[in-house]
Amino acid sequence: MSGLLAGKRLLVTGVITDASIAFSVAKLAQENGAQVVLTGYGRLSLVERIAKRLPEPAPVIELDVTDPAHLAGLADRVREHVDGLDGVVHSIGFAPQSCLGGGFLDAPWEDVATALHVSTFSYKSLAMAALPLMSPGGAVVGLTFDATKAWPVYDWMGVAKAGLESASRYLAMHLGKQGIRSNLVAAGPLRTIAAKSIPGFDEFEGAWAERAPLGWSLTDQEPAARACLALLSDWFPATTGEIVHVDGGYHAIGS
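Residues numbered from 1 in each chain as written. Predicted model: local features only at pLDDT ≥ 70, side-chain atom pairs only at ≥ 80, totals over all residues. Heavy atoms only, no water.

Quick word on the side chain of Thr13
The cut-off we apply is this: Secondary structure elements follow DSSP: runs of H or I of four or more residues count as helices, runs of E of two or more count as strands, with numbering from the N terminus. Here a residue-residue contact requires only that any non-hydrogen atoms of the pair lie within 4.5 Å.
Note that Thr13 resides in the loop between strand S1 (9-12) and helix H1 (21-31). If we skip the residues at most four places from it in the chain, Thr13 touches Ala22, Thr39, Val89, His90, Ser91, Ile92 and Leu126.

This is the structure in structure tokens:
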């Protein structure tokens, strides 16, 4: 099969519903010639059902990125389906409700620690768990939400994303010696399951529609997914530590 990712083997995390960015990444990756393995946690049967909606049903591996045993066994589990990896997509984030919706000043450390572990530290953890399967030319791509500003209601998840952006740069520095790239895609707001869990998220919607020079669709995950595919492909061989904004140009326009 020909395509941008012909022959590539990808591990894609974070597929929960077919409205998730990760699902769009997996779908487009298959359509462009890649083999895809998915991970899921918690509602694994749901992920398995969603996987059957892809052009080619994809195997699903259980992965809790905060569980050292799951991480230690990831490479062996992946080898049951593919003989190596050319790319890894990190689409994982979680924060307890106390960390969102205006609770920044009151959120307890235990909840903040959970948010940072799942949403930030897991980027490095996932990359290191997959590293034995990767070779020079491989890529790790994660998803962020522009952390250069403080956003209403985003609170500690914004801090976690800022940490993710920094972690990607450090990963780029350390894995560059092995020829592996680390980049992020900063998508504009999308009506995903993750977004719906943030109280007051609808505050973002009007601003993007009004100010993004190219306009912005809250329900179209494909532009962000396409950016992920481009960064996973061989067309960015010398790009690492970068953040590609896919937000209709909103980030470039002053208020």
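A look at the UniProt feature "binding site: substrate" (unreviewed entry) in the protein chain
Convention followed: UniProt positions are given in the numbering used here, feature names are shortened, and annotations may be inferred rather than shown by experiment.
UniProt's feature table lists "binding site: substrate" (unreviewed entry) at Ala95, given in the numbering used throughout. In contact with Ala95, other than residues within four places in its own chain, are Leu100, Ala115 and Met157.

Focus: the pattern of salt bridges
Note the cut-off: By convention in these notes, a salt bridge is any Lys or Arg side-chain nitrogen within 4 Å of a carboxyl oxygen on Asp or Glu. Buried, partly exposed and exposed residues are distinguished by accessible area as a fraction of the type maximum, computed with a 1.4 Å probe on protein chains only: under 20%, between the cut-offs, and over 50%, respectively.
Scanning all chains against the criterion turns up nine salt bridges. The salt bridge partner of Asp18 is Arg53, with a shortest N-O separation of 2.8 Å. With Asp18 in the loop between S1 and H1 and Arg53 in the loop between helix H2 (44-51) and strand S3 (60-62), this residue pair connects regions lying 35 residues apart in the sequence. Looking at Arg53, the relative accessible area reads 52%, which means it is exposed. Where Lys149 meets Asp146, a salt bridge forms, and the shortest distance between an N and an O atom there is 3.5 Å. Overall, Lys149 belongs to the partly exposed group, its relative accessible area being 41%.

Quick notes on the packing of aromatic side chains
Applicable threshold: Centre distance within 6.5 Å is the pairing criterion for rings of Phe, Tyr and Trp, where only the six-membered ring of Trp is used; planes under 30 degrees apart are then read as stacked, over 60 as edge-to-face, and the remainder as tilted.
Counted by the stated rule, this structure contains seven aromatic pairs. For the pair Phe104 and Trp156, a centre-to-centre distance of 4.4 Å together with 10° between the ring planes defines the contact as stacked. Highlighted residues: Phe104 in the loop between strand S4 (85-90) and helix H4 (109-130) and Trp156 in helix H5 (residues 155-175), separated in sequence by 52 residues. Between Trp208 and Tyr250, the ring centres sit 3.7 Å apart and the planes meet at 10°, which makes this aromatic pair stacked.

Considering the nonpolar core
Quick reminder of the rule: Think of a nonpolar core as a cluster: buried Ala, Val, Leu, Ile, Met, Phe, Trp, Tyr and Cys residues, connected wherever their side-chain atoms sit within 4.5 Å.
Judged by nonpolar contacts, the single largest core of 54 residues is most densely connected at Val12, Val25, Leu38 and Val185. Contacts of Val185, omitting those with residues within four sequence positions, involve Val141, Gly142, Leu143, Thr144, Ala224, Ala227, Cys228, Leu231, Val244 and Val246.

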